Amino acid sequence: EIGENRWLDNILYENERMGKLVGQLLELARTESVTPQMERVDFSRLVQGEALPFESVAFENGLQLICETQDGITVEGNSTQLKQLVSILLDNGIRHSTDGNAVNLRLTKEHGYAVLSVINKGNEIPEEHRKQIFERFYRDDEARNGEDKHYGLGLAIAKSITEAHKGHIEVLCYNSLVEFKVTLPLSKN
């Protein structure tokens, strides 16, 4: 009713930011405390489907998303949570890619496990930060304070989802590349 007002605009902006943060906190609490409904999931197909919308996101960021997925990989899991895991890793890889022209998404079978990797060119994460990166609210770059609507919860959610699926997540740095690697047990036939 009062028209343009910078105070109201700021309140609306902060309300939106807090809503997003609360939503992420609730999602993290849910993944840590609720045992997800598990079923046999065609992980190859799920990963390919989740990658599609990120092709345009990568393109808008001057990158190409290269997907290499082995067909026929199945896991026991919750498809909603597994989709979220793939999305978190792709979003992270695209946002933190530096001096590169591609983000690589790979899914393979190795020794009874599905191995999902998102690899991008990026700044090496110091060894002492690699364990902390999966903790709540951890931000490697202290200068960023959530203005980009990322609060340091995505990788904590990814870790929680991975652990709920009896898997393992890690970050590797080599040759100016950063790789987030998830291993999940394959479903038993």
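Structure: see above.
Residues numbered from 1 in each chain as written. Predicted model: local features only at pLDDT ≥ 70, side-chain atom pairs only at ≥ 80, totals over all residues. Heavy atoms only, no water.

So, the overall build of the chain: which residues are in play, and what are the values?
Secondary structure summary: the chain contains five helices and seven strands in total. If you list the helices and strands of the chain from N to C, you get α-β-α-β-β-α-β-β-α-α-β-β. Counting only residues that meet the buried cut, the chain has 40% of its 189 residues in that class. Across the chain, every contact between residues at least 6 apart in sequence was considered, and the portion connecting residues at least 24 apart equals 72%. (Helix = DSSP H or I, 4+ residues; strand = E, 2+ residues; numbered from the N terminus. Buried < 20%, exposed > 50% of the residue type's maximum accessible area, 1.4 Å probe, protein only. Contact = heavy atoms within 4.5 Å.)

I'd love a proper account of the pairing of strand S7 (residues 177–185), names of residues and values included.
Summarising the sheet, strand S5 (residues 113–121) and S7 pair through nine bridges and their orientation is antiparallel. In the sheet register, Asn-120 faces S7, and the bridge partner there is Val-178. Once strand S6 (residues 168–174) ends, the chain turns through two residues before running back antiparallel as S7, passing Asn-175 with a positive phi of about 50 degrees. (Pairing = 2+ DSSP bridges.)

Please give an account of the nonpolar core that cites residues and values.
Counting residues in each nonpolar core, the largest one holds 38 residues, and the members touching the most others are Phe-43, Leu-89, Leu-116 and Phe-180. Contributing elements (two or more residues each) for this core: helix H2 (43–60), helix H3 (79–95), strand S4 (102–110), S5, helix H5 (154–164), S6 and S7. Looking at this core element by element, the count peaks at seven residues for H3. With residues up to four places along the chain from it excluded, the contact list for Leu-89 reads Leu-116, Val-118, Leu-155, Ile-169, Phe-180 and Val-182. (Core = buried A, V, L, I, M, F, W, Y, C linked by side-chain atoms within 4.5 Å.)

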